[in-house]
Amino acid sequence: MNKGAIQVICGEGKGKTAAAMGMGIGALTKNKTVIMIQFLKGCPGRDSFDIMKRLEPEMKIFRFEKSDCFFESLSKEQQEEERMNIRNGLNFARKVVSTGECDMLILDEILGLLDQKIIEAEELTKLLQSKVDEMEVILTGKVFQKEMEPYVDSILEINHVKVDNTI
């Protein structure tokens with residue numbers, strides 16, 4: 001049996017979700033099953049979400065949050081409500097990971113949950129440790145906490161580079 005890798009795509013640059021989606025599409029071409037759970041996406045990009053949903057039923061994509069705004073711009077009361085919705089997403093991720101419901105699980109912007117103090121690194125490492133051996137897991141987000149390094153197989157860092165177009 002193959003041991004499924006845990007990969008991280010992080011950094012300040014754009015394209016983390018696109019890179020994870022590309023990996024998911026690559027898995028689909030090998031007749032693998034793919035589930036993506038998105039966190040902290042807010043309202044910008046609803047059109048891109050609609051396009052991504054066209055990949056279903058081959059790639060199943062879930063968002064549990066209800067707000068049309070970014071988490072950090074919500075009032076304290078709204079943030080608490082969204083925390084419950086995010087918890088529902090995390091519970092679903094736990095179920096997928098522990099049952100091996102798919103070959104590849106993409107947890108898009110899950111590292112942002114650490115930044116927002118919605119979950120602690122220990123909770124995420126427990127989730128990763130409970131995965132079935134064959135499953136591949138991809139984590140995305142801006143900041144990767146070094147204490148999680150022993151639990152991942154590879155880290156891809158995407159940085160924003162300013163290009164000077166003057167000659």
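What this report covers is the structure whose coordinates are included nearby. Because the structure is predicted, anything quoted here is derived from the model rather than measured.

**Considerations on the overall build of the protein chain**
- In terms of regular secondary structure, the protein chain is built from 5 helices and 6 strands.
- Principal-axis analysis of the C-alpha atoms gives the protein chain an extent of 50 × 50 × 35 Å.
- If you take every contact in the protein chain between residues at least 6 apart in sequence, the share linking residues at least 24 apart comes to 77%.
- Accessible area for the protein chain stands at about 9500 Å²; split by element, carbon and sulfur atoms hold 52% of it.

**Structural notes on the pairing of strand β5 (residues 136-141)**
- Burial analysis of β5 places 5 of its 6 residues in the buried class, the great majority of the element.
- Where strand β4 (residues 104-108) meets β5, 4 bridges bridge the pair, whose relative direction is parallel. Considered in β5, the bridge of isoleucine 106 is made with isoleucine 138.

**Let's talk about the pattern of salt bridges**
- Inspection of the entire model under this criterion finds 5 salt bridges.
- Of the charged contacts in the structure, one is a salt bridge between glutamate 80 and arginine 83, with a shortest N-O distance of 3.2 Å. Of this pair, glutamate 80 and arginine 83 both sit in helix α3 (residues 76-99), 3 residues apart, which is roughly one turn of that helix.
- You can call glutamate 80 partly exposed: its relative accessible area is 48%.
- Relative accessible area serves as the criterion here: at 22%, arginine 83 is assigned to the partly exposed category.
- When the shortest N-O distance is used, the salt bridge between glutamate 123 and arginine 94 registers 2.4 Å.

**Observations concerning the sheet that holds strand β1 (residues 6-10)**
- In space, the 6 strands of this open sheet follow the order β3-β2-β4-β5-β1-β6, with parallel pairing throughout. A strand with exactly one partner marks an edge of an open sheet, and here the two such strands are β3 (59-63) and β6 (154-157). Across this sheet, the average inter-strand angle for adjacent strands is 15°, counted without regard to direction.
- Here 5 bridges tie β1 to β5, and the two strands are oriented parallel to one another. Residue pairing across strands places glutamine 7 opposite isoleucine 138, the latter belonging to β5.

**A closer look at helix α1 (residues 16-29)**
- Over its 14 residues, α1 runs 20 Å from end to end, which matches the ideal 20 Å to within 8%, given 1.5 Å per residue.
- Every buried residue of α1 is accounted for by Lys16, Thr17, Ala20, Met21, Gly24, Ala27 and Leu28. Looking straight down α1, one finds its buried side chains confined to an arc of 130°; they lie on one side. For α1, exposure combined with an orientation more than 90 degrees from the buried face picks out Ala18 and Thr29.
- Backbone geometry just after α1 places asparagine 31 at a positive phi near 60°.

**Notes on the side chain of glutamine 7**
- With respect to the element layout, glutamine 7 can be found in strand β1.
- With relative accessibility at 15%, the residue glutamine 7 sits in the buried group.
- Those residues within four positions of glutamine 7 in sequence are excluded, and the remaining contacts are Met23, Glu136, Val137, Ile138, Leu139 and Ser154.

How each quantity is defined
- Residues numbered from 1 in each chain as written.
- Predicted model: local features only at pLDDT ≥ 70, side-chain atom pairs only at ≥ 80, totals over all residues.
- Heavy atoms only, no water.
- Helix = DSSP H or I, 4+ residues; strand = E, 2+ residues; numbered from the N terminus.
- Contact = heavy atoms within 4.5 Å.
- Areas by Shrake-Rupley, 256 points an atom, 1.4 Å probe, with all protein chains shown as cover.
- Buried < 20%, exposed > 50% of the residue type's maximum accessible area, 1.4 Å probe, protein only.
- Pairing = 2+ DSSP bridges.
- Salt bridge = Lys/Arg side-chain N within 4 Å of Asp/Glu carboxyl O.
- Axes fitted to C-alpha atoms, helices over the stretch in contact; angles between N-to-C directions.
- Expected span 1.5 Å × (residues − 1).
- Arc of directions from axis to C-beta.

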